[in-house]
Each structure stands twice: as structure tokens, then as C-alpha cells.
Amino acid sequence: MKPGQSALVWTLALASVAHAQTADSTEYGKERSYPWIAHSSLDVFYLHTPAEPGRPFPYQASLYQGFTIQSLSFAWFHIGLRSRETYVYGFEDPYREPMVLKLQGSVEILPDLAYASLGGNIPLLAGKLSVEDTLPLYQALNGYDPFPSPDFLSPQALQIAVFGRYAWANWTAMAGSAYVRETLFRGLPGASFYPAAYFDLFGRAIFQGAAARHRIDVRASLYGDEENADRIPAHLEGNLYQLRYEWLKSLRKVGWQLGAGAAGKPPDRNRRIMLKSDLVAAARDENLQRAYGEAALTWVPSPGILWRLHVLPKAIFSWNGEQSGYEAETGISVGLKVWEYHRVRATGTVLMGALDGKQYLGFGIHAEFAFRHLGVQDLDDGPEPAEGG
Amino acid sequence: MNPFPEARPNLPRSAALLVLISALWLCPRALAKVPVSVLGAYVEGKDSDYVEGLAWDLSQALADDTALLVFDLRKKNAGYLDSAHASGRLRDPKLLAALSGDRVKRGLLMECQELKEEYRCFLEALEMQGDGPALKDTLHALLEAGQKRKLFGQAAAATFARKLKANDRATLPAQDRLAVLKLRTPARPAMLIRGLAILSKGSVAEVPLGTTLVIQDAPGPVAVSIENVHYLLYPHSSYTYLLPKVVQLNEGTLGILKGVDSASIEGRLRSAAALDQSNLIWKTLTKVAALDTSNLIWKGLGRVTSLDSHNLILKNLQRITSLDSSNVLFKTLGKAVALDTSNLVLRTLAQVAALDTSNLIWKGLGQVSSLDSNNVLWRKLGEVATLDGNSIWSKLGLLAFQDQLVVLTPSFIVRGQPQAVLLRHDGNVSTVEVVKGNVNVQPLLSSVEPATLGPMRVARTRGYALKLERLNPMRADRLLREFDDLDPNKGSRPFAIFLPGKLFGAGASLHTADRSIQSFVAGEFQALDMETDVLSSEKEGWSEFPGTLRSGAQEAGCYLCSPDRLGP
């Protein structure tokens with residue numbers, strides 16, 4: 001059975017299980033419905049600078065169709081379809097992934113306390129690269145890349161995660177861990193490889209103070225080896241450690257979000273190369289470190305419309321001092337209610353940056369429409385905090 | 001009479017014995033009363049007389065709560081306590097232990113700051129035996145509290161009691177979780193008040209029973225839907241949610257618009273949440289009964305809850321009616337009604353009513369009443385209403401049991417079946433403009449008989465005489481246009497309800513997991529390039545900023561893409 005067919009079967013099975021389950025209907029009557037959201041989003045990013053004469057400008061365009069449904073009282077599911085096209089300098093043709101299926105399911109193990117999730121990527125129509133494209137691909141995927149999705153390869157992958165949540169007085173704490181295993185990436189003919197598996201540990205603490213909400217995020221991503229097609233470890237990805245603090249406040253028609261964070265990534269370690277003489281250690285691959293700020297101002301002039309301005313300044317550098325630069329993203333967003341329940345959102349961004357003597361200037365747009373069916377509900381208005389805040 | 005003991009219950013010995021035996025017989029939980037005492041109630045800008053009086057009022061209000069046993073440590077130690085407070089030694093565990101003498105478990109301390117628009121009071125229930133942790137809470141009260149000492153004390157007592165009980169049972173009292181009206185869009189700016197306590201300011205999305213909603217300079221009216229009736233709440237207005245279908249308009253304007261027929265899909269959508277609760281009524285009653293075990297009404301109903309028959313409920317109610325006037329049930333009920341509207345019994349009755357008008361209690365009561373209009377139960381309840389000199393209660397009578405919509409203003413009471421009605425209260429004058437429907441209007445301050453108003457009529461009163469007029473057709477037209485614009489059914493009807501299939505079924509949705517954990521899960525799956533939606537009707541948020549706190553595949557480079565690693 002092809003992956004697409006299996007997904008279809010899986011979806012149908014879910015639907016039939018959902019239809020058959022009667023625990024809630026017995027208790028609450030036949031009118032209980034399944035909350036669901038269907039959304040479509042479009043992202044386009046175009047890099048105007050640096051320009052290379054005679055070549056098209058690099059760009060990335062992506063389309064996502066997603067459907068999330070709570071079809072059991074304790075579980076919810078997501079199915080998504082990603083199409084993306086990326087062009088970086090040096091490619092013969094844009095790299096296209098016409099159809100990548102995303103499946104995910106989450107269950108509430110202990111109500112309000114413990115959750116588990118399983119999800120993955122299934123490239124249905126995967127992209128292909130030629131050997132000539134490998135150098136630009138290498139350059140695009142290593143080091144700095146201003147694209148919204150710098151790692152635009154979508155290998156088959158599976159993620160399993162457990163989450164916990166505990167709320168006490170004004171505090172809410174959440175923690176989780178996830179393991180992601182990616183399978184063979186066959187986009188490069190003759191040079192298939194296994195991207196690094198990784199283990200994620202993450203935590204979030206939210207404190208609702210009298211004046212504002214405070215949120216702290218920590219995350220540690222521990223990477224395994226990247227392996228060649230014969231599963232020979234060739235390269236150990238440096239781990240990634242991240243920390244972020246957010247200050248969120250909403251007052252009548254205006255909301256503020258201020259934050260700061262940092263992401264540190266120790267160097268990658270390459271496989272030792274066997275020479276005739278003694279083993280010689282390969283050079284280390286220095287990774288880029290990031291420290292950033294977040295600021296957003298939200299304004300709700302009327303219940304049906306919401307505006308948001310955001311600025312994300314970012315310092316980028318390497319520990320050995322060879323690379324240093326910055327990136328600053330500025331954006332304006334608008335959110336609209338459509339037929340009361342549904343949402344249209346659009347964001348326009350301008351990205352400026354400089355690294356290694358190169359200047360970057362890019363423009364992006366993101367637009368999405370969410371068709372929401374959440375049963376009887378009371379929609380809230382006003383400045384919206386960042387999710388989870 | 002001193003309602004709380006100084007050092008031991010100040011009751012005649014025989015009465016004390018009777019109470020003790022009754023308590024033991026009624027419920028063992030009666031023994032679990034928490035012994036407390038007010039150590040002080042200090043308000044910035046107020047003199048010692050006020051402080052002393054407020055401490056007394058607070059104690060009295062606490063003494064009304066049957067779950068607490070209130071001692072008066074201030075009677076002999078007021079001077080010492082005030083001095084200790086002034087010198088900052090009041091929280092000294094040794095001092096507290098010496099004061100309590102093994103009798104008092106919690107010492108209650110209230111310290112209020114006078115702010116620009118409110119009093120902010122820090123409430124502490126100190127552990128008197130040993131140095132255990134104090135229970136802390138904050139009460140925001142209107143500045144009016146400075147002049148209304150007794151109400152101030154009651155507001156503080158309610159907060160203390162809630163905190164003490166919440167700590168005792170590790171849950172909020174049932175009445176605080178039930179019968180909450182949800183506004184379709186939050187009122188902003190607005191204020192929610194219970195008595196003198198400010199429950200919330202700014203944006204108000206929920207109105208619990210017994211609270212007053214004050215809408216300030218809001219951009220436009222907001223709608224509240226109860227079953228198929230829409231209340232349109234206007235700016236610069238104040239409303240008190242007394243009982244389901246009973247609203248008090250304190251000042252300003254209130255529109256009432258009857259919605260679509262309850263048998264339609266839209267009607268079912270609106271009432272689905274209430275229907276769902278019908279099985280929980282008895283559970284709720286049992287829980288409420290457990291809150292105040294000495295209350296005989298709930299004791300009786302609690303027994304009923306163990307049965308599951310419509311006839312048995314009636315039997316119980318009829319048994320009640322056969323009791324004589326000295327029956328303790330009616331005494332208890334009378335005592336309860338004499339208390340304020342935040343009283344447990346009234347609130348509970350209202351909450352039960354809020355669950356579903358077709359529930360068994362109301363059906364049962366309805367049948368009892370239809371059996372005999374001079375039924376003893378109704379007469380007794382009528383008597384209870386007259387116990388309180390407040391004319392509102394006597395006018396209200398048993399309206400809560402009727403299938404009518406009731407609006408009270410300081411000048412009149414309006415009841416009936418309105419379809420499109422606008423009410424105003426400005427100064428002393430209350431006005432009702434009936435565009436569609438029929439209502440009865442009765443001034444509250446005189447003995448004028450109620451007048452029936454049909455469509456296109458206006459009634460106006462200061463509380464005494466009633467002036468009836470025709471409604472100007474132009475005015476009626478304008479009102480209907482305004483109502484049409486505000487009709488929640490028009491703006492909010494999602495076209496999904498017109499589509500067939502189970503997935504588009506009307507009614508309440510399945511339980512969804514906590515929004516914050518869903519977004520947390522969604523954030524983690526962003527690493528797999530997924531855009532998972534968060535299923536929740538709570539306030540939604542923007543997704544995380546792209547480019548920050550990213551991990552996983554987004555951050556793993558492609559080492560093997562390196563050209564020197566390619567090839568054979």
C-alpha cells in the first residue's frame with residue numbers, strides 16, 4: 001500500500017471510530033459535535049539582496065492545507081499537506097516538493113495533566129536534486145539562511161512526544177520530551193543520507209502576575225549522528241540550547257509582547273577520517289549562535305479586526321569570532337473575523353541583515369484562512385497573546 | 001445579641017445541647033466547623049472607630065456562615081492587637097498562639113489601601129497554632145465601601161469564607177462554578193461587582209449569578225443569550241443578574257429581543273449547553289447540600305437526590321407542604337431569604353433554575369402549584385417573602401418559579417413574554433417601550449395594580465403612578481432597526497449550520513484539551529513543519545514568531561550535502 005493510500009485508510013478509520021464512539025452522546029444527547037478547524041496558508045519570501053547578475057532572485061513559496069479535528073473526547077488529530085518550492089543561488093531549477101503529507105494525533109492520557117503525541121512527515125511527491133545542486137544545497141543548509149524555512153528538505157520522519165502540564169495558583173508549568181527519527185532522504189541521486197535524529201526536551205513556565213503575564217521557555221535539542229546511506233555515522237550535529245523570556249500584557253484595546261532569547265549551538269563534530277597515518281581529527285564546523293529580542297504591539301480598534309506590529313532583532317555570531325552579523329525582521333499583520341467564527345490573517349514582513357560582508361534584504365508575506373467549527377462557543381476579542389501565553 | 005462567641009459559644013446550655021444533637025444527627029460535617037477570629041480590619045484613611053466597627057461587621061458576617069465558628073478575640077484584646085499591628089508584630093507565631101489559647105485555628109487580618117478608584121484589601125488567614133502558612137487573598141472594593149461599613153464587612157467575609165472553604169476542600173464552592181452567563185463579545189470597558197467587591201475590571205466576558213455588571217463607555221451594545229432570549233446590554237448601564245430570567249436594571253438601558261424558536265436548529269444550538277446539564281441537577285444539589293450541611297432544605301433535597309423518580313420528588317414536596325408553620329424548614333428558609341441576594345440558598349435555587357427550565361424541580365414545583373393555588377408551600381413561601389421588609393422580595397414573590405421573563409428597576413417590575421422591548425432607567429424614572437410582545441408593569445413603591453402592556457405601548461413611572469402611552473411608530477421602527485442590527489442570530493450564524501452531516505451538528509462540542517498545552521504541542525510539531533491548529537473556544541492567540549525558539553529539523557544542517565562527501 002502506498003503511503004497516500006495508507007493515510008487515507010487511516011483517516012477513514014479515525015472517522016469511523018469517531019462516528020462509532022458513543023460515550024459522550026449517551027451522556028449529552030445527540031447534538032454534541034466535533035470541533036474542527038480547516039485552514040489554508042500561503043507563504044512567499046523573496047530575497048532581493050544579495051543579487052547575482054544574470055540569475056533569478058532566490059525565493060521560497062509554500063502552501064499548506066491543514067485539518068485538525070477532535071473526534072474523540074480525549075484525542076485530536078491533524079492532517080496536513082505541504083507544497084513548497086525553493087530556489088537558492090546555484091540551483092539549476094527550483095527545488096520542488098509538490099506534496100508532503102503530515103499526520104499527527106494527540107491523546108490526553110490523564111485529564112489536564114499528561115498528553116502524548118505521535119506524528120510524522122510522508123513525502124508523497126518528493127523533490128529531486130541533481131549532483132550539480134549539491135554545493136548550493138550545502139551552502140543553503142549550513143550557516144545563515146534568511147528563508148522562513150531554511151531547512152527546506154522534508155525527509156520522511158516520525159516524532160513521538162509526551163507532554164505534562166500542571167497548574168498551581170498563578171503558575172502553569174508544562175514540560176515534554178520528543179524523539180524524532182528521520183528515514184533515508186533520497187533527494188540526492190547516489191548520495192542518499194539519513195538526517196540526524198534528535199531528542200528534544202522542553203519546558204515552559206507561565207506566571208500570571210497582577211500586572212502582566214510572564215513566560216519562560218527552555219529547550220534542549222540533542223542531536224544524534226547524521227549517517228550516510230549505509231548508516232555509517234559521518235557527522236554529529238551540535239546540540240541546540242535555547243532560552244526565552246516573554247512579557248505579555250493586554251489592556252483594553254492594546255496588547256504588548258516583549259521578549260528576549262538566545263540560542264546556542266556548540267560546534268558539529270565530523271567523523272574522524274581514517275588515513276594511513278594516525279587518526280586525524282577533522283576540523284570542527286562552527287555553528288552560528290543567536291541572541292534575539294521580540295516585540296509586538298497589538299491593537300484592536302473594533303471586535304472584528306486586529307492589527308499587530310512586530311520587530312524581531314537578532315544578533316548572529318560564532319564563538320570563534322569569524323562570523324558576526326545581525327538580522328532584523330519587521331512585520332505588520334492584520335486579523336479579521338469572517339462570519340463571526342472564522343479567521344483571515346495576513347502578515348507582511350521585511351527582513352534586513354548582514355553577515356560575512358553580505359547584506360540581506362528580503363520581503364515576505366504570509367496569508368491564512370481558518371474555517372473554524374468549535375461548537376457552541378463564546379469568542380473572545382481583544383489583543384491576542386502569543387499561543388500558550 | 002452577640003452572634004459569635006467570645007471564648008465559647010454564648011448560648012443557653014439547653015439550646016447548645018439541642019444544636020449539638022441536631023448537628024450530630026444532621027451531618028457529621030457540622031463538627032468540621034473552622035474556628036476563626038478577626039484580628040483586625042485596617043483601612044487606610046479611616047479612624048479607629050471605623051476599624052473597630054468594620055472588624056465587628058466582618059465577624060458578624062462570618063458568623064452567618066455555618067461552616068465557620070467565629071470567636072471574638074478583639075473583645076478583650078483590641079488595643080493590644082492594634083498596637084501589635086502598628087508595630088508589625090501581629091504575625092508573630094508566638095503572639096498568635098498565646099492569643100488563640102488552642103481555640104482559634106485561623107486569625108483573619110484585613111489591611112486595605114485606598115487607591116484612586118478602589119480599596120485594595122490584602123486578606124490573610126493566619127495560622128494561629130504554630131507557624132503554618134497563611135492563606136492569602138486580595139479583595140478589590142468600591143470606594144463606596146468607606147461609607148458602607150457593613151457591606152464592606154460582608155464582602156470581606158465572603159472572600160475569607162471562599163478562601164477558607166477552598167483550602168478546606170481543595171475546590172471552589174459549587175455555586176461559583178455554575179450559572180455563569182457568558183457574553184458573546186466581552187463588555188469593555190466594564191466592571192463586575194458583587195456587593196461592594198470588584199470582581200474584575202476592564203474586559204468582562206462572564207457574569208456569575210448575583211453579580212452586577214457595569215458597562216462603561218463601551219463602543220456599542222453587547223448581547224447575552226439565555227435560551228432563546230437575547231438581552232442587549234448598552235453602554236453606560238448597570239445590570240444585576242439576580243436569577244435566570246430575572247435581571248435588575250440599576251441604571252441605563254436594556255433591550256430584550258426574543259430569538260428564534262427553540263425548536264429550530266438555531267434554538268437548539270443556543271440551548272444545547274443547558275440541556276446537557278439536566279442529568280447533573282441532582283448531583284449539583286447534592287454538592288450544594290454538602291456545602292452547608294446544617295441547612296435543612298438541602299438536607300431534604302439531598303435525600304431526594306438519591307431517588308430517581310418524578311413522583312417521589314412530588315411526594316417530598318408535598319410532604320413539605322403538609323408540615324406546619326413552625327416547621328424548621330420554613331424557619332430556615334425564612335432566615336435565608338432575609339439575608340442578602342448572595343445568600344447560598346437563593347443563589348443555589350437560581351443556579352438550579354439556570355441549568356434547565358424543564359428540569360424536574362421546576363416541573364415538580366409547577367405541578368404542585370397547579371394542584372392548588374392556595375397550596376401551603378406557596379403560602380409559606382409567600383410568608384417568607386414578607387419576612388423581609390424589602391419590597392423587592394414581596395414584589396418578586398415566586399417569580400423565579402414562573403416561566404416568565406422579569407426585569408426589575410428601582411422603580412418598577414416588568415414581567416411577561418417580551419419579543420422586542422427596550423427598558424430604561426434614568427434618574428428615578430423607569431420606562432418600558434414594547435414594540436412586540438406582552439408584559440405586565442407594576443410600580444414598586446406604591447400599591448398600584450400591575451398594568452398589561454401590549455405591542456406599541458410605553459409605560460413610565462417614578463415608582464408610584466404609572467403613565468401609559470402609545471409608542472410612536474417612528475420610534476418603534478427605529479428600535480426594531482437597532483435590534484435587527486444587534487440581533488446576535490444575524491451576525492453570528494455560521495453557514496456551517498446549514499450544511500448536512502454529523503460534523504456540522506449543532507450544539508456544544510466535545511471537550512477540548514487545555515488551550516495552552518495544545519499550543520505547546522503544536523509548537524513542538526512545528527519542528528516537523530506542521531501547522532497544527534489549536535481547538536479551543538477560548539481566546540485565541542497568534543502563533544509563535546517564526547525564527548525564534550526553533551529546533552529539530554529546522555536547525556539540523558545537511559552535512560552530507562557537502563560536495564566533498566558525495567560520490568563513491
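Residues numbered from 1 in each chain as written. Chains lettered and ligands numbered in written order. Predicted model: local features only at pLDDT ≥ 70, side-chain atom pairs only at ≥ 80, totals over all residues. Heavy atoms only, no water.

Draft legend 1. Local environment of the overall build of chain B. Across its full length, chain B carries 18 helices and 18 strands. Here the analysis covers contacts within chain B between residues at least 6 apart in sequence; of these, 58% occur between residues at least 24 apart. Accessible surface, chain B as shown: approximately 25100 Å² in total, 54% of it carbon and sulfur. (Helix = DSSP H or I, 4+ residues; strand = E, 2+ residues; numbered from the N terminus. Contact = heavy atoms within 4.5 Å. Areas by Shrake-Rupley, 256 points an atom, 1.4 Å probe, with all protein chains shown as cover.)

Draft legend 2. Spatial organisation of the overall build of chain A. Counting its regular elements, chain A contains three helices and 20 strands. Taken across its 389 residues, chain A has 48% of its residues classed as buried. A fraction of 56% describes how many contacts in chain A between residues 6 or more apart in sequence connect residues 24 or more apart. Summing over all exposed atoms, chain A offers an accessible surface of approximately 17700 Å²; the carbon and sulfur share of this is 65%. (Buried < 20%, exposed > 50% of the residue type's maximum accessible area, 1.4 Å probe, protein only.)

Draft legend 3. Seen up close, the state of the cysteines. All names here are of chain B. In total, this model carries one disulfide over all chains according to the counting rule given. Shown here is the disulfide that connects Cys112 with Cys121, its sulfur atoms set 2.1 Å apart. Because the sign of the S-S torsion sets the handedness, a value of about 110° for the bond joining Cys112 and Cys121 places this disulfide among the right-handed ones. Here Cys112 matches Cys121 in class, with each residue buried. (Disulfide = S-S within 2.5 Å.)

Draft legend 4. Inspection of the nonpolar core at higher detail. Residues and elements named next belong to chain B. Leu213, Tyr231, Leu233, Leu254, Ile256, Leu423 and Val432 are the most contacted members of the largest nonpolar core, which totals 47 residues. Leaving out residues up to four positions away in the same chain, Leu213 has contacts with Leu183, Ala190, Met191, Leu192, Val204, Val207, Leu233, Ser237, Ser238 and Tyr239. Grouped together as the second largest cluster of nonpolar side chains are 37 residues, Val43, Ala145, Ala155 and Ala161 included. (Core = buried A, V, L, I, M, F, W, Y, C linked by side-chain atoms within 4.5 Å.)

Draft legend 5. Geometry of unusual backbone geometry. Between Thr49 of chain A and Pro50 of chain A the backbone carries a cis peptide bond, its omega angle lying at 0°. Mapped onto the elements, Pro50 of chain A comes out in the loop between β1 (36–49) and β2 (59–72). Residue Pro189 of chain B is bonded to the preceding Arg188 of chain B through a cis peptide linkage, with omega at 0°. Tracing the sequence through the fold places Pro189 of chain B in strand β6 (residues 180–194). Phi at Asp112 of chain A takes a positive value of approximately 65°, unusual for a residue other than glycine. Tracing the sequence through the fold places Asp112 of chain A in the loop between β4 (95–110) and β5 (114–125). Judged by its relative accessible area of 38%, Asp112 of chain A is partly exposed. Unusually for a residue other than glycine, Asp529 of chain B sits at a positive phi of about 65°. For Asp529 of chain B, the location among the structural elements is in the segment after α18 (515–525).

Draft legend 6. Seen up close, the pattern of salt bridges. For the structure shown, the criterion picks out 32 salt bridges over all chains. Where Arg74 of chain B meets Glu52 of chain B, a salt bridge forms, and the shortest distance between an N and an O atom there is 2.7 Å. With Arg74 of chain B in helix α3 (residues 74–86) and Glu52 of chain B in helix α2 (residues 48–63), the pair connects residues that are 22 residues apart, well separated along the chain. You can call Arg74 of chain B buried: its relative accessible area is 4%. Through salt bridges with shared partners, a single network forms among Arg204, Arg215, Asp217, Arg244, Glu246 and Glu294 of chain A. (Salt bridge = Lys/Arg side-chain N within 4 Å of Asp/Glu carboxyl O.)

Draft legend 7. Representation of helix α3 (residues 134–141) of chain A in the model. All names here are of chain A. Among all positions of α3, only Thr134, Pro136, Leu137, Ala140 and Leu141 are buried. For α3, the buried positions fall inside an angular range of 160° around the axis, keeping them on one side. Positive phi shows up at Gly143, right after α3, with a value of about 80°. (Arc of directions from axis to C-beta.)

Draft legend 8. View of the side chain of Glu531 of chain B. Within the fold, Glu531 of chain B resides in the segment after α18. The buried category is assigned to Glu531 of chain B, whose relative accessible area is 17%. At 2.9 Å, the side chain of Glu531 of chain B forms a polar contact with the side chain of His39 of chain A. Beyond its immediate sequence surroundings of up to four residues, Glu531 of chain B is in contact with His39, Ser41, Asp43, Tyr64, His78 and Arg82 of chain A. (Polar contact = N/O pair within 3.5 Å; in protein donor to acceptor, adjacent residues only side chain to side chain.)

Draft legend 9. Structural detail: the environment of Ser177 of chain A. Residue and element names in this part refer to chain A. By secondary structure assignment, the location of Ser177 is in strand β7 (residues 171–182). Taking the C-alpha atoms as reference points, Ser177 and Ala161, 16 residues apart in sequence, are found 5.6 Å from one another. For Ser177, the contacting residues outside a window of four places in its chain are Ile160, Ala161, Val162, Phe199, Asp200, Leu201 and Phe202.

Draft legend 10. Geometry of the packing of aromatic side chains. Residue and element names in this part refer to chain A. Scanning the model with the defined rule gives 18 aromatic pairs over all chains in all. Ring centres of Trp36 and Phe67 lie 5.6 Å apart, and the angle between their planes is 40°; this geometry places the pair in the tilted category. Of the two residues, Trp36 sits in strand β1 while Phe67 sits in strand β2, which places them 31 residues apart along the sequence. For Trp36, a relative accessible area of 6% translates into the label buried. One aromatic cluster is present, built from ring pairs that chain together Trp36, Phe67 and Phe371. The side chain of Arg231 reaches across the aromatic face of Tyr194, ending 3.7 Å from its centre. (Phe/Tyr/Trp six-rings, centres within 6.5 Å; stacked < 30°, edge-to-face > 60°. Lys NZ or Arg CZ within 6 Å of the ring centre and 35° of its normal.)

Draft legend 11. Layout of helix α16 (residues 473–486) of chain B. Residues and elements named next belong to chain B. With 14 residues, α16 should reach 20 Å at 1.5 Å per residue; the first-to-last C-alpha distance of 20 Å fits that figure. In this structure, the buried residues of α16 make contact with β10 (229–233), β12 (246–258), β14 (412–426) and β15 (429–443). The N-cap residue of α16 is Asn472: its side-chain oxygen and the backbone nitrogen of Met474 are 2.8 Å apart. (Expected span 1.5 Å × (residues − 1).)

Draft legend 12. Representation of the pairing of strand β3 (residues 75–87) of chain A. Residue and element names in this part refer to chain A. Relative to β3, β2 runs antiparallel, the two being bridged by 12 bridges. Its bridge partner lying in β3, Tyr64 is registered against Arg82. What sits between the antiparallel neighbours β2 and β3 is a turn of two residues. Across 11 bridges, the pairing between β3 and β4 is antiparallel. When the bridges of β4 are listed, Arg82 appears paired with Val100. (Pairing = 2+ DSSP bridges.)

Draft legend 13. Layout of the confidence of the model for chain A. All names here are of chain A. With 83% of its residues at a pLDDT of at least 70, chain A reaches an overall mean of 81. pLDDT under 50 marks residues 1–5. Its contacts with residues more than four places away, or in other chains, come to five contacts. Every residue in residues 376–385 is under pLDDT 50, and counting partners more than four places away or in other chains gives 49 contacts. (pLDDT = per-residue confidence, 0-100.)

Draft legend 14. Seen up close, a nonpolar patch on the surface. Residue and element names in this part refer to chain A. Taken together, the side chains of Phe74, Val107, Ile109, Leu110, Leu113, Tyr166, Trp168 and Trp171 present a nonpolar region at the surface, about 830 Å² in accessible area. Broken down by element, the residue count for the nonpolar patch peaks at three residues, all from β4. Looking at the element boundaries, Trp171 is found in strand β7. Residue Trp171 is classed as partly exposed on the basis of its relative accessible area, which comes to 40%. (Patch = residues over 30% accessible without salt bridge, like charges linked within 9 Å, V, L, I, M, F, W, Y side chains within 5 Å.)

Draft legend 15. Local environment of the pairing of strand β3 (residues 106–114) of chain B. All names here are of chain B. With seven bridges connecting them, strand β1 (residues 34–43) and β3 associate as parallel partners. Bridge pairing in β3 links Val43 to Cys112. Direction of pairing for β3 relative to strand β4 (residues 118–127): antiparallel, over a ladder of nine bridges. Along β4, the bridge assignment pairs Glu111 with Phe122.

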